[in-house]
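Chain and residue survey
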Amino acid sequence: KLEKIILLKKDLNSKIENLKIQIYNGNREQAEKIKEEYIEKFNDSVVKIIYETPNYKVWVGSFFTQLEADKFLLKVRKKFKNKKSILGHEIYFKK
C-alpha cells in the first residue's frame, strides 16, 4: 500500500509545473496588508494578488513538488497563527 502511494506521488509530481500557497481570500485592503506582512516575515517577493470576483486572493511561493509546498505551508501557518484563511495549494500542470 505504501509503495502504491509513493508511485502515485511520483506520478503527480512529474505532471506538476509548480505549486503556490494561498494565504488570503477576501477584500483588497486586507489582501495588500497580508502581502506586505508576508514579505516582511519571509523576506520573499514571490507574492501575487489575484482578483476573482468578488474576492482578492494572495498566493505565495513557487514549488516543484508537493513535499516542498507542504513544508513551506507549515512555516507559513506558524508565522500567520491568527490567520484563518491559509488555504493550501494551487497546482499548475504541465501541458
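Residues numbered from 1 in each chain as written. Predicted model: local features only at pLDDT ≥ 70, side-chain atom pairs only at ≥ 80, totals over all residues. Heavy atoms only, no water.

So, the overall build of the protein
To keep it simple, the criterion reads: Secondary structure elements are taken from DSSP: a helix is a run of H or I of four residues or more, a strand is a run of E of two residues or more, and numbering for both begins at the N terminus. Accessibility here uses a 1.4 Å probe with only protein chains present; expressed as a share of the type maximum, an area under 20% marks a residue as buried, one over 50% as exposed, and anything in between as partly exposed. The criterion used for residue contact is that any of the two residues' heavy atoms lie within 4.5 Å. Surface exposure here means Shrake-Rupley accessible area, sampled with a 1.4 Å probe, where a residue is shielded only by the protein chains that are shown.
Helix and strand counts for the protein come out as 3 helices and 4 strands. Secondary structure elements of the protein, listed N to C terminal, follow the sequence α-β-α-β-β-α-β. Within the protein, the fraction of its 95 residues that count as buried is 31%. A separation threshold of at least 6 residues defines the contact pool for the protein, and within that pool the share at least 24 residues apart is 70%. Of the roughly 6900 Å² of accessible surface on the protein, 53% is carried by carbon and sulfur atoms.

Concerning the pairing of strand β2 (residues 47-52)
On a regular strand, each side chain points to the face opposite its neighbour's, so the side chains alternate between the two faces of the sheet. Put simply, the rule is: We call two strands paired when DSSP finds no fewer than two bridges between them.
As defined by bridge partners, β2 adjoins strand β3 (residues 55-63) across 6 bridges and the pair is classed as antiparallel. The residue of β3 that forms the bridge with Ile50 is Lys57. Where β2 folds back onto β3 in an antiparallel hairpin, the turn is made up of 2 residues.

Section: the side chain of Gln22
Rules: A 3.5 Å cut-off defines polar contacts: any pair of N or O atoms within that distance qualifies, except that in protein one atom must be a possible hydrogen donor and the other a possible acceptor, and neighbouring residues in sequence count only when both atoms are side-chain atoms.
Within the element layout of this structure, Gln22 appears in strand β1 (residues 16-26). Take Gln22: its relative accessible area is 5%, and that puts it in the buried class. Of the polar contacts made by the side chain of Gln22, one reaches the backbone oxygen of Tyr24; its length is 3.5 Å.

Considerations on the side chain of Lys20
Its location among the elements puts Lys20 in strand β1. Assessed through its relative accessible area of 10%, Lys20 is described here as buried. Here the side chain of Lys20 touches Gly61 through a polar contact of 3.2 Å, landing on its backbone oxygen.

Quick notes on helix α2 (residues 28-42)
Note the following rule: By definition here, a helix of n residues has an expected span of 1.5 Å times n minus one. Regarding the arc, it is the one traced by the directions from the helix axis to the C-beta atoms.
With 15 residues, α2 extends 21 Å from end C-alpha to end C-alpha; this agrees with the ideal 21 Å at 1.5 Å per step. Of the residues making up α2, those classed as buried are Ala31, Ile34, Tyr38 and Phe42. The arc that holds every buried residue of α2, seen down its axis, measures 60°, which confines them to one face. Counted as exposed and oriented over 90 degrees from the buried face of α2: Glu29 and Glu40. At the N-terminal end of α2, a side-chain oxygen is found 3.2 Å from the backbone nitrogen of Glu29, two or three residues along, and the residue is Asn27. Asn43, located one to two residues past α2, shows a positive phi value of around 50°.

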